[in-house]
Amino acid sequence: MKNFIYQKANSADAAINLIGQNTNAKFLGGGTNLVDLMRENIERLDALVDVTHLPAEIEETADGAIRIGAAVKNTALANHESIREKFPVLSQAILFGASGQIRNMATVGGNILQRTRCYYFYDDTARCNKREIGAGCDAIEGFNRIHAILGASDACIATHPSDMCVALAALDARVLVQGANGTREIAINDFHRLPENTPHIETALQDGELITAIEIPRNDFAKNSLYQKVRDRASYAFALVSVAGALEIENKQIKNVRIALGGVAHKPWRAFAAEEVLLGLPATEENFWRGAEAELENARGFANNSFKIELAKRVIVGVLKELAEQGGTNR
């Protein structure tokens, strides 16, 4: 890093131009763990473009969606009146995510671009396909208590660490990005990738693209939403299993349901199978279990994390029961 370059950008256009001028460069935003990875010599960059000074606004769009600037701090988002009223699951997930000091510095865009906290990814003496394609994955036969039970592959069983992204997955959020070729939207459930044979490709971002905002579409039922997180200790720990849920009941039947899981996969895991089973059924504990069983049917545990399969089912059922009891019925 003899000639390392660090530059600040005050607009998306300026940031994209700076990235285009430097080879082996990345954006630096609060919430990424990029600096930690550079300290550990996992990331070896020639240049950093600081985007923490980009505009940070939370606003309602003409169609009733909420648009959140990528530079919005996590604390500001969690405490925003509209978020707490319309999407409490998002506020709760952020508050579960880290200490107050970290939330004060972390940004929405940076949070989305966190990389895994897998022990073997951080250990440059271990085999890791994320760091070196084809090297192997020591987590599979190693200590894998925190690792994936859904969507994993023989190449990687790491999990995504974000709590906020789990709530965004349940809310059908959209990621707005800008690059040299213009702007585009990516559904949050398509933004992060499963490992398959290319675990080093973690998102749908193209080279030089920058996250500029997140949009949450309007809906009329996410006011009744909840985030629950199970972890090894109460303070600043990543999820073993977490669940973001939203529920609307009409005439004792499930009219709308959204479920997403954290701590179980390489990406925030939207529980589409559970939702499909539950839609239109009576809102009973028995049916909540049916949905949970359907979602975890293809889960695969490893030596130290098979307990997560039953735990995930229990947390799904617990969240849905609480939502049904606290206001899921539309009278």
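1. A short note on the overall build of the protein chain
Phase 1: Across its full length, the protein chain holds 13 helices and 12 strands.
Phase 2: Rg of the C-alpha trace for the protein chain: 20 Å, near the compact-globule value of 20 Å for 331 residues, within the 12% margin.
Phase 3: Counting only C-alpha atoms, the protein chain reaches 65 × 50 × 35 Å along its principal axes.
Phase 4: Burial analysis of the protein chain (331 residues in total) assigns 53% to the buried set.
Phase 5: A separation of at least 24 residues holds for 63% of the contacts in the protein chain among residues at least 6 apart in sequence.

2. Remarks on the side chain of serine 153
Phase 1: Inspection of the secondary structure assignment puts serine 153 in the loop between helix 8 (119-122) and helix 9 (164-170).
Phase 2: Its relative accessible area of 12% is what places serine 153 among the buried residues.
Phase 3: In this structure the side chain of serine 153 is engaged in a polar contact, spanning 2.7 Å, whose partner is the backbone oxygen of glutamate 196.
Phase 4: Contacts of serine 153, omitting those with residues within four sequence positions, involve Ile140, Pro195 and Glu196.

3. Overview of the pattern of salt bridges
Phase 1: Under the defined criterion, the tally for this structure stands at 23 salt bridges.
Phase 2: Close ionic contact of glutamate 43 with lysine 26 constitutes a salt bridge, the shortest N to O distance being 2.7 Å. Of this pair, glutamate 43 sits in the loop between helix 2 (34-39) and strand 3 (47-50) while lysine 26 sits in strand 2 (residues 25-28); the two residues are 17 residues apart in sequence, bridging distant segments of the chain.
Phase 3: On the accessibility criterion, glutamate 43 (8% relative accessible area) is buried.
Phase 4: With relative accessibility at 32%, the residue lysine 26 sits in the partly exposed group.
Phase 5: Among the charged side chains, a network of salt bridges with common partners joins Lys26, Glu43, Arg115, Lys130 and Glu202.

4. Comments concerning the environment of glycine 280
Phase 1: Along the polypeptide, glycine 280 turns up in the loop between helix 11 (272-278) and helix 12 (285-295).
Phase 2: The sequence separation of glycine 280 and glutamine 253 amounts to 27 residues, and the corresponding C-alpha distance is 5.6 Å.
Phase 3: Leaving out residues up to four positions away in the same chain, glycine 280 has contacts with Gln253 and Ile254.

5. Some details on the nonpolar core
Phase 1: If you look at the biggest cluster of nonpolar residues, it comprises 35 residues, and the most contacted ones within it are Ile68, Leu77, Leu90, Ile112, Met164, Leu168 and Ile214.
Phase 2: Listed by contribution, the elements that provide at least two residues to this core are strand 5 (66-69), helix 3 (74-79), helix 5 (88-97), helix 7 (108-112), helix 9, strand 6 (174-179), helix 10 (188-191) and strand 8 (210-216).
Phase 3: Looking at which element gives the most residues to this core, the answer is helix 9, with 7 residues.
Phase 4: Beyond its immediate sequence surroundings of up to four residues, isoleucine 214 is in contact with Ile66, Arg67, Ile68, Val108, Ile112, Leu168, Ala173, Arg174 and Val175.

6. Some points on the sheet that holds strand 7 (residues 182-187)
Sheets are built from strands that pair by backbone hydrogen bonding, the pairs being arranged parallel or antiparallel.
Phase 1: Strand order in the open sheet made by the 5 strands is 4-5-8-6-7, with antiparallel pairing throughout. Sheet topology places strand 4 (58-60) and strand 7 at the edges, where each strand pairs with a single neighbour. Averaged over all adjacent pairs, the angle separating strand axes in this sheet is 25 degrees, with direction ignored.

7. What to know about the packing of helix 12 against helix 13 (residues 307-326)
Phase 1: Direction vectors running N to C along helix 12 and helix 13 enclose 140 degrees, while the axes themselves pass 9 Å from each other. In terms of axis orientation, helix 12 runs oblique to helix 13. Crossing of helix 12 against helix 13: the hand is right-handed. Residues Glu285, Phe288, Trp289, Ala292 and Glu293 of helix 12 lie in contact with helix 13, whose contacting residues are Glu310, Lys313, Arg314, Ile316, Val317, Leu320, Lys321 and Ala324.
Phase 2: Among the residues making up the contact of helix 12 with helix 13, the classes are represented as 7 nonpolar, no polar and 6 charged.

8. Here's the deal with a nonpolar patch on the surface
Phase 1: Together, Ile102, Tyr236 and Phe238 line one region of the surface with nonpolar side chains, adding up to about 250 Å² of accessible area.
Phase 2: As for its position among the elements, phenylalanine 238 is in the loop between strand 9 (225-230) and strand 10 (241-250).
Phase 3: Judged by its relative accessible area of 33%, phenylalanine 238 falls in the partly exposed class.

9. Let's talk about the sheet that holds strand 3
Phase 1: Spatially, 1-3-2 is the arrangement adopted by the 3 strands of the open sheet, whose pairing is parallel. Edge strands, defined here as strands with exactly one partner in the open sheet, are strand 1 (5-8) and strand 2. Pairs of neighbouring strands in the sheet enclose a mean axial angle of 20 degrees, with direction left out of account.
Phase 2: In this structure, strand 1 lies alongside strand 3, joined through 4 bridges in parallel fashion. In the sheet register, lysine 8 faces strand 3, and the bridge partner there is aspartate 50.
Phase 3: Contacts from helix 1 (residues 12-21) reach strand 1, strand 2 and strand 3, with the element oriented near 155 degrees to strand 2.

So, how was this worked out
- Residues numbered from 1 in each chain as written.
- Predicted model: local features only at pLDDT ≥ 70, side-chain atom pairs only at ≥ 80, totals over all residues.
- Heavy atoms only, no water.
- Helix = DSSP H or I, 4+ residues; strand = E, 2+ residues; numbered from the N terminus.
- Rg over C-alpha atoms; globule rule 2.2 N^0.38 Å.
- Buried < 20%, exposed > 50% of the residue type's maximum accessible area, 1.4 Å probe, protein only.
- Contact = heavy atoms within 4.5 Å.
- Polar contact = N/O pair within 3.5 Å; in protein donor to acceptor, adjacent residues only side chain to side chain.
- Salt bridge = Lys/Arg side-chain N within 4 Å of Asp/Glu carboxyl O.
- Core = buried A, V, L, I, M, F, W, Y, C linked by side-chain atoms within 4.5 Å.
- Pairing = 2+ DSSP bridges.
- Axes fitted to C-alpha atoms, helices over the stretch in contact; angles between N-to-C directions.
- Parallel < 35°, antiparallel > 145°, perpendicular 65-115°, else oblique.
- Left-handed = near helix turned anticlockwise from the far one by under 90°.
- Nonpolar A, V, L, I, M, F, W, Y, C, P; charged D, E, K, R; others polar.
- Patch = residues over 30% accessible without salt bridge, like charges linked within 9 Å, V, L, I, M, F, W, Y side chains within 5 Å.
- Areas by Shrake-Rupley, 256 points an atom, 1.4 Å probe, with all protein chains shown as cover.

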